[in-house]
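# Fold and geometry: a report
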Amino acid sequence: MATTKRYDVKDLALAPEGVRRIQWADRQMPVLATIRERFEREQPLSGYRISACLHVTTETANLARTLKAGGADVVLCASNPLSTQDDVAAALVDEYDIACFAIKGEDNDTYYSHIEAAVDHKPQLTMDDGADVIGVLHSARREQLGDIIAGTEETTTGVIRLKALEADGKLGFPIIAVNEAKTKHLFDNRYGTGQSTIDGIIRATNVLLAGKRFVVGGYGWVGRGVASRARGMGAHVIVTEVDPMRALEAAMDGFEVLPMAKAAEIGDVFCTATGDKGVITAEHMKRMKDGAILSNTGHFDVEIDKPALRSLATETRHAREFVEEFTMDDGRRLYLVAEGRLVNLSAAEGHPALVMDMSFANQALGAEYAVANAASLERKVYPVPDEIDREIARLKLATMGIDIDQLTEEQARYLASWDEGT
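For the structure given in this document, a descriptive report is provided here. Keep in mind that what you see is a predicted model, and the values were worked out from it rather than measured. Here, residues in each chain are numbered from 1, in the same order as that chain's written sequence. Only residues with pLDDT of at least 70 are given local features in this predicted model, and only at 80 or more are side-chain atom pairs given and counted; all residues enter the totals for whole chains, interfaces and linings. The side-chain quantities take in all heavy atoms of the structure and omit both hydrogens and water.

### Observations concerning helix 1 (residues 15-27)
Each α-helix winds once per 3.6 residues, and so residues spaced three or four apart point in a common direction. Put simply, the rule reads: Segments assigned H or I by DSSP are reported as helices when at least four residues long, segments assigned E as strands when at least two residues long, and all are numbered from the N terminus. Expected helix span is taken as 1.5 Å per residue step, with the number of steps being one fewer than the number of residues. The rule is simple: take the accessible area with a 1.4 Å probe, protein chains only, and divide by the maximum for that residue type; under 20% is buried, over 50% is exposed, in between is partly exposed. We call two residues in contact when some of their heavy atoms are within 4.5 Å.
Over its 13 residues, helix 1 extends 19 Å from the first C-alpha to the last, a length consistent with the 18 Å expected when each residue adds 1.5 Å. Within the span of helix 1, buried status applies to Ala15, Gly18, Val19, Arg21, Ile22, Ala25 and Asp26. Residues of helix 1 that are buried sit in contact with helix 2 (30-42), helix 3 (58-69), helix 4 (86-94) and helix 15 (353-372).

Following this line, the structure appears as structure tokens:
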């Protein structure tokens, strides 16, 4: 069905394939489907305008469908220039009547024009993956802040930015930090990003990881996942860190821990996962072996110093669809995957639907919670309430056919007491 809403997508003729893939993902997202059925009955978001800046994938499409089922008027734009699935964007517009502004490979001006289009929607709720919509609202569109009751944030990088905004006393409305939910970061960040990052690197390069030295920059939940999956593929994994506790954990998990300057000399494949800038610099690139592969799975493309890489190169060419070759003045060649953007979404399909089921359940229920509690929320970054986290875990177990034990009354009393011991 054709929509009367505004949109900017690559080609509406791609919609039928997008519908098929959205339906495939939906079969693996039973928690979100359960929430969508309830939302249709109860309409908890009725009358609310939501501007969402998320990766436009099959899983995100099912979240957008859920928000719409709950009564929301949704506009979606991409949260990364390379993460859009064009057939999905077309399907959202043509089949599901949801406004979408996203084209894979869009240039910087188009990317920000799409964010502006989402802000033009005059949202009452925002939904971010990287805080780009919130960033525009807090800079160029401050006059709209008073109309917004709350927002949600999906990723580690965005939460860091928003907590900094709160610390400066400049946060304009309450934020539900979806990334902080246990059913998000313990599963999405670790298992989802771990698998999809390796998938992206292999799809882009077709390199055999077995026997390679695979360097992971950062050992947060994403770094843990990438390191674990790389080891599972037979790679010798090296972890670099700045946090002594995380470095100690990586060592205890059986990984070699080195400074990046030393890892640069021996690594075959590099993947940054820190959320910070300048993880791989010109000094590291000068030490790297011929044929080293550089990739990033953090949200922004600042972890690898791309300007430095270009300045060091005497020649560049596209070696494969998502791989750029940089020839150094000494003849060494370094390979940058997916322009240094998040490789799992740029060169692959992002997280599997089974794990995004929980992440987007948190988004949907976080939006419902924000609407229900708007009057009592202050301009702070809030964690997802524990009862929502536990309910999502319970629903996920139920959909997986897994039963667990319950405390007996005696066990519950024992855990709550202090005077019963040996």
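### Description of the nonpolar core
Formally: For our purposes a nonpolar core is just a set of buried Ala, Val, Leu, Ile, Met, Phe, Trp, Tyr and Cys residues, chained together by side-chain atoms within 4.5 Å.
One finds Leu45, Val56, Leu63, Leu67, Leu92, Cys100 and Met127 to be the most contacted residues of the largest nonpolar core, which totals 54 residues. Discounting chain neighbours no more than four positions away, the residues touching Val56 are Leu76, Cys77, Ala78, Ser83, Thr84, Gln85, Val88, Ala89, Leu92, Cys100 and Ala102. If you look at the next biggest cluster of nonpolar residues, it comprises 27 residues, including Ile198, Phe214, Val239 and Ala250.

### Digging into unusual backbone geometry
Despite not being glycine, Asp97 shows a phi value in the positive range, around 55 degrees. Along the chain, Asp97 falls in the loop between helix 4 and strand 3 (99-101). Owing to a relative accessible area of 23%, Asp97 belongs among the partly exposed residues under this scheme. Positioned with a positive phi, Lys122 is a non-glycine residue whose angle comes to about 55 degrees. Mapping Lys122 onto the fold places it in the loop between helix 5 (108-120) and strand 4 (125-128).

### Some remarks on the packing of aromatic side chains
Just so we agree on the cut-off: The aromatic pairing rule takes the rings of Phe, Tyr and Trp, using the six-membered ring of Trp, and pairs them if the centres are within 6.5 Å, calling planes under 30 degrees apart stacked, those over 60 edge-to-face and the rest tilted. Should the NZ of a Lys or the CZ of an Arg lie within 6 Å of a ring centre and within 35 degrees of the ring normal, that charge is described as sitting over the ring.
Across all of its chains, the model carries three aromatic pairs by this definition. The interplanar angle of 85 degrees and the centroid separation of 5.0 Å between the aromatic rings of Tyr111 and Tyr112 together place this pair among those described as edge-to-face. Residue classification places Tyr111 among the buried residues on the basis of a relative accessible area of 4%. Judged by centre distance (5.9 Å) and plane angle (65 degrees), the rings of Tyr219 and Phe255 are edge-to-face. Here the residue Tyr219 occupies a position in the loop between strand 7 (213-217) and helix 9 (221-232), and Phe255 occupies one in the loop between helix 10 (244-252) and strand 9 (256-257), the gap between them amounting to 36 residues. The exposure class of Tyr219 is buried, given its relative accessible area of 2%. In this structure Phe255 comes out as buried when scored by relative accessible area, which is 7%. Cation over ring: Arg224 sits above Trp221, and NZ or CZ is 4.3 Å from the ring centre.

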